[in-house]
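So the chains spell out like this:
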Amino acid sequence: MTARLGTELRLVGAFLSAGGAPRAGMVAACTALVSGLVLVVLTVLLFALSPSREREQVSELVADGGVRGGYVLALLLICVAPLALLRQVIRLGTATREQRLAALRLAGATPSDVRRIGALEVGLPAVAGGFAGYLVFAALRAVFGGRAGADVGGSSTEVARQLQLVPTSVHPAWWQVLLVALGVGLAGVLAGATASRSLIISPLGVSRHAPRGAPRPTAAVLLLLAVPIFIARTGFGSSTPELDTLVLVAALVLGLLALAPWVAYRVGRAVTARATSVPALVAGRRLATDARAAARAAAVVGAIAVVAGGGGVVPSSLPDPSRGGFDGVDPFYTVPIAAVGVVLLAALLLVTFSMAVHGVESLVDRKRSIAALAALGASAEELERVQRWEVGLVALPMAVIGVLVGSGPYLLAFGDVGHSYAWIPLLVDCVTVALVWLAVRLSTWITRPWLVRASAPANLRTA
Amino acid sequence: MTVLVQGHALRKSFARTEALRGVSVEIGAGEILAITGPSGSGKSTLLLCLAGILRPEAGEVIFDQQRLDRLGEADRTRLRRREMGIVLQFGQLVPELTAAQNVALPLLLEKHDRAAARRAALSWLDRLGAADLADQVPAELSGGQAQRVAVARALVTGPKVVFADEPTGALDTVAGEQVLGQLLAAVRDTGATLVMVTHDNRVAARADREVVLRDGSVEAAGVVS
């Protein structure tokens, strides 16, 4: 048993040193980020239970029990972006890894041996990242840590206080840190296992179970669930408004994440039916035949957009035109809004990488047909446009749906034509969609070297 | 006979391997030329250089009185999609597109109207006895069927020359014979030139002329008897 584990660990070490290190590094980076954020959540919860919490100066988001739940949910929602990137990163180098696993089967490895080696390849860096998450936590604690002592006045110190988002008077116990690291590592292993669950690895190569049918819009149920919550929250004076808001945001985010494959599929079909250019036709057909891969990469865009759309409504209600507009708005509101903006930008950056990883995998998988397209006379720009359309056809509709779902109901319910600041939500919506468009372009730009390699004539002769 | 494609003193290396060592070849308009030779002799490299897909390190490639080797990547690409058809060993169809969409691709790349491109694609599929495959994706096609679709794709623009790299190399004898017969009939009908790489003597025997390569040099050239 020990000898077998030793052999498998040596094999994994050899695979990592033979080109798997970037993937392992990215897996570890994703789990480190998630682990660090979960440790912050744990610290906030420990702070809530701490009898000495009054003695620490922290942001109202941490100190006020009424909004603390929302803060914790926001931290957990931030984890969605690195987890989505983790799902993508695990698929890096799929073709090479599958060939290697088939070769191992040919050399005498059993299916369970191969599964275990695959799990170790993801699990080891995932757990290592889980432990490295403590460093992320320590860094966040150092930058955003609370200060011991009494509250002092002044608007600049008030801004600083609202940025003290991590309590320092409490600290997770060693076994809690261990549990978080192992738990996040396990999440990485599970993500790896789900990524390869459709594979049948035989000594002759890798085949896949029959593809699932076309995606269905069943996730719309979650979005529909949000409707009565929204009505109760806004129209009937709910007795639990904070809880309602948390459930509403969670339902919208999860609903949009799950709806992405269906949106990709429908958009792919619609574009294919009307395409007049090769990039639109090829990208549309790619989505119509396998919507899930691109949707997996761009789904988080919907979650980002719904939060941005909903969040964009808040600033429009804060300024008072009769008291100098934005002057004098309490940092209690402005600092969290700015923090949400920064977090959304960071999440969009992670999604950009996620889309780039999808682009790379798409290019590696399709190098033969891409090389053939180049040989037929498709220019480098046209081939790049195929890649851009493939992710853009998912990301941009998800962004539009997200901002409409996020801000639409509020604008419909409270949209006052005479309101001096009614333009703010619309501006936030437009900026969000524009940033998603930029993210799509950036992700395609990142994949350019792989596109050049995929269109090389050498790929014309591969079987 | 007017010379359509000319390669002169072509040299091409990959890492330390010299694939072509000063190969010269002339191909007349409407001619069917077979390039043969053992594995690694430089057959495919020569074909890809003549088609402007690879750029030789030395020597000249002249297509229809134009120096192909002097054109930039974008110009070579445009010329290729207007004037040349390409057939590769494994068909190399775009897996997500239907057979008809694959055949229409070169026309769509040339910004032809979608409906007109589809009509032309269906017409060529019909001509090659593959009309019933129009709405199938490559995964649903046999090797021979996929190769017939690839032949239709190569001919749909009415090219002056078709370059075929082992067009029957991945097919069984019967399917190979069928595809070859259809390819030859189609190029003869249209008056196009055909340059095909093959290691199969039976395929080479159907050409007008044969160029034999060995170790990157022309070993023999002559009319097929």
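Reading the values: rules and limits
Residues numbered from 1 in each chain as written. Chains lettered and ligands numbered in written order. Predicted model: local features only at pLDDT ≥ 70, side-chain atom pairs only at ≥ 80, totals over all residues. Heavy atoms only, no water. Helix = DSSP H or I, 4+ residues; strand = E, 2+ residues; numbered from the N terminus. Contact = heavy atoms within 4.5 Å. Areas by Shrake-Rupley, 256 points an atom, 1.4 Å probe, with all protein chains shown as cover. Core = buried A, V, L, I, M, F, W, Y, C linked by side-chain atoms within 4.5 Å. Buried < 20%, exposed > 50% of the residue type's maximum accessible area, 1.4 Å probe, protein only. Pairing = 2+ DSSP bridges. Axes fitted to C-alpha atoms, helices over the stretch in contact; angles between N-to-C directions. Salt bridge = Lys/Arg side-chain N within 4 Å of Asp/Glu carboxyl O. Polar contact = N/O pair within 3.5 Å; in protein donor to acceptor, adjacent residues only side chain to side chain. Buried area = accessible area lost by both parts, 1.4 Å probe. pLDDT = per-residue confidence, 0-100. Patch = residues over 30% accessible without salt bridge, like charges linked within 9 Å, V, L, I, M, F, W, Y side chains within 5 Å. Phe/Tyr/Trp six-rings, centres within 6.5 Å; stacked < 30°, edge-to-face > 60°. Lys NZ or Arg CZ within 6 Å of the ring centre and 35° of its normal.

Draft legend 1. Highlighting the overall build of chain A. In terms of helices and strands, chain A carries 17 helices and four strands. Taking the contacts inside chain A whose residues are at least 6 apart along the sequence as the reference set, 83% of them involve residues at least 24 apart. When the accessible area of chain A is evaluated, it comes to approximately 21400 Å², of which 69% is carbon and sulfur surface.

Draft legend 2. Region of interest: the nonpolar core. If you look at the biggest cluster of nonpolar residues, it comprises 122 residues, and the most contacted ones within it are Met355 and Val394 of chain A together with Leu125, Val162, Val187, Leu194 and Met196 of chain B. Judged by nonpolar contacts, the second largest core, of 35 residues, contains Leu10, Leu48, Val61 and Leu68 of chain B.

Draft legend 3. Main features of the sheet that holds strand 5 (residues 66–67) of chain B. Residues and elements named next belong to chain B. Read across the sheet, four strands follow the order 2-1-4-5 without closing on themselves; strand pairing throughout is antiparallel. The open sheet has two edge strands, strand 2 (17–28) and strand 5, and neither has a second partner. Against the sheet, helix 1 (residues 43–50) makes contact with strand 1 (3–14), strand 2 and strand 4 (58–63), and its axis sits at roughly 55 degrees relative to strand 2, the strand it touches most.

Draft legend 4. Local environment of the pattern of salt bridges. Applying the stated criterion across every chain yields a total of 25 salt bridges over all chains. A salt bridge links Glu177 of chain B to Arg206 of chain B, with the nearest nitrogen and oxygen atoms 2.6 Å apart. Taken as a pair, Glu177 of chain B in helix 6 (residues 173–190) and Arg206 of chain B in the loop between helix 7 (201–204) and strand 9 (209–214) lie far apart in primary sequence, 29 residues in all. Residue classification places Arg206 of chain B among the partly exposed positions, given a relative accessible area of 33%. When salt bridges that share partners are traced, they join Glu382 of chain A together with Arg81, Arg82, Glu110 and Lys111 of chain B into one network.

Draft legend 5. Helix 4 (residues 80–89) of chain A, seen in detail. A large share of helix 4 of chain A lies buried, amounting to eight of its 10 residues. When helix 4 of chain A is considered as a whole, its buried residues turn out to be Val80, Ala81, Pro82, Ala84, Leu85, Leu86, Gln88 and Val89 of chain A.

Draft legend 6. Representation of unusual backbone geometry in the model. All names here are of chain B. Positioned with a positive phi, Asp64 is a non-glycine residue whose angle comes to about 50 degrees. With respect to the secondary-structure elements, Asp64 resides in the loop between strand 4 and strand 5. One non-glycine residue with positive phi stands out, namely Asp215, at about 50 degrees. For Asp215, the position within the fold is in the loop between strand 9 and strand 10 (217–223).

Draft legend 7. Inspection of the side chain of Asp69 of chain B at higher detail. Residue and element names in this part refer to chain B. Within the fold, Asp69 resides in the loop between strand 5 and helix 2 (73–83). Under the relative-accessibility criterion, Asp69 is labelled buried at 12%. Here the side chain of Asp69 touches Val61 through a polar contact of 2.8 Å, landing on its backbone nitrogen. Contact partners of Asp69, with chain neighbours within four places excluded, come to Arg55, Pro56, Gly59, Glu60 and Val61.

Draft legend 8. Molecular detail of the interface of chain B and chain A. Across the contact, 29 residues belong to chain B and 29 residues belong to chain A. Note on chain B versus chain A: buried area summed over both sides is about 2600 Å², and carbon and sulfur give 62% of it. Counting the surface chain B buries against chain A, the share from its top three residues, Gln92, Glu96 and Arg114 of chain B, is 26%. Counting every contact that joins chain B to chain A gives three salt bridges. Across the salt bridge formed by Lys111 of chain B and Glu382 of chain A, the nearest N and O atoms sit 3.4 Å from each other.

Draft legend 9. Layout of the confidence of the model for chain B. On average, residues of chain B score 90 in pLDDT, and 99% of them are at 70 or above. Across the whole predicted complex the pTM is 0.79, and at the interface the ipTM reaches 0.75.

Draft legend 10. A look at a nonpolar patch on the surface. Residue and element names in this part refer to chain A. Where nonpolar side chains cluster on the molecular surface, the patch consists of Leu345, Trp423, Leu427, Val431, Leu435, Trp437 and Leu438 and spans about 660 Å² of accessible area. Broken down by element, the residue count for the nonpolar patch peaks at six residues, all from helix 16 (residues 423–446). Relative to the elements of secondary structure, Leu345 occurs in helix 13 (residues 331–365). A residue is classified by how much of its surface remains accessible, and Leu345, at 48% relative accessible area, is partly exposed.

Draft legend 11. The arrangement of the packing of aromatic side chains in detail. Overall, the coordinates contain one aromatic pair over all chains when judged by the stated rule. Arranged with centres 5.8 Å apart and planes meeting at 55 degrees, the rings of Tyr134 of chain A and Phe137 of chain A form a pair that is tilted. Here Tyr134 of chain A and its partner Phe137 of chain A are both found in helix 6 (residues 111–144), three residues apart, which amounts to about one turn of the helix. For Tyr134 of chain A, a relative accessible area of 31% translates into the label partly exposed. What makes Phe137 of chain A buried here is its relative accessible area of 0%. The residue whose ring lies beneath Arg453 of chain A is Trp450 of chain A, and the NZ or CZ to ring-centre distance is 5.4 Å. The cationic tip of Arg127 of chain B hangs over the ring face of Trp124 of chain B; the distance from NZ or CZ to the ring centre is 4.2 Å.

Draft legend 12. The arrangement of the environment of Ile370 of chain A in detail. Residues and elements named next belong to chain A. Within the secondary structure, Ile370 sits in helix 14 (residues 367–376). By relative accessible area, which is 2% here, Ile370 ends up buried. Separated by 86 residues in the primary sequence, Ile370 and Ala456 place their C-alpha atoms 8.7 Å from one another. Beyond its immediate sequence surroundings of up to four residues, Ile370 is in contact with Arg286, Leu363, Leu383, Gln387, Leu451, Ala454 and Ser455.

Draft legend 13. The environment of Arg385 of chain A, seen in detail. Residues and elements named next belong to chain A. The topology assignment puts Arg385 in helix 15 (residues 380–414). Taking relative accessible area as the criterion, Arg385 reaches 29% and is therefore assigned partly exposed. Residues Arg385 and Phe15, spaced 370 residues apart in sequence, show a C-alpha to C-alpha distance of 34 Å.

Draft legend 14. Broad picture of the pairing of strand 9 of chain B. All names here are of chain B. Judged from the four bridges that link them, strand 3 (residues 32–36) and strand 9 form a sheet pairing that is parallel. Looking across to strand 9, one finds that Thr36 is bridged to Val212. Relative to strand 10, strand 9 runs antiparallel, the two being bridged by six bridges. In the strand pairing of strand 10, Arg214 is matched with Ser217. The turn linking strand 9 back onto strand 10 is made up of two residues, and Asp215 within it adopts a positive phi angle of 50 degrees.

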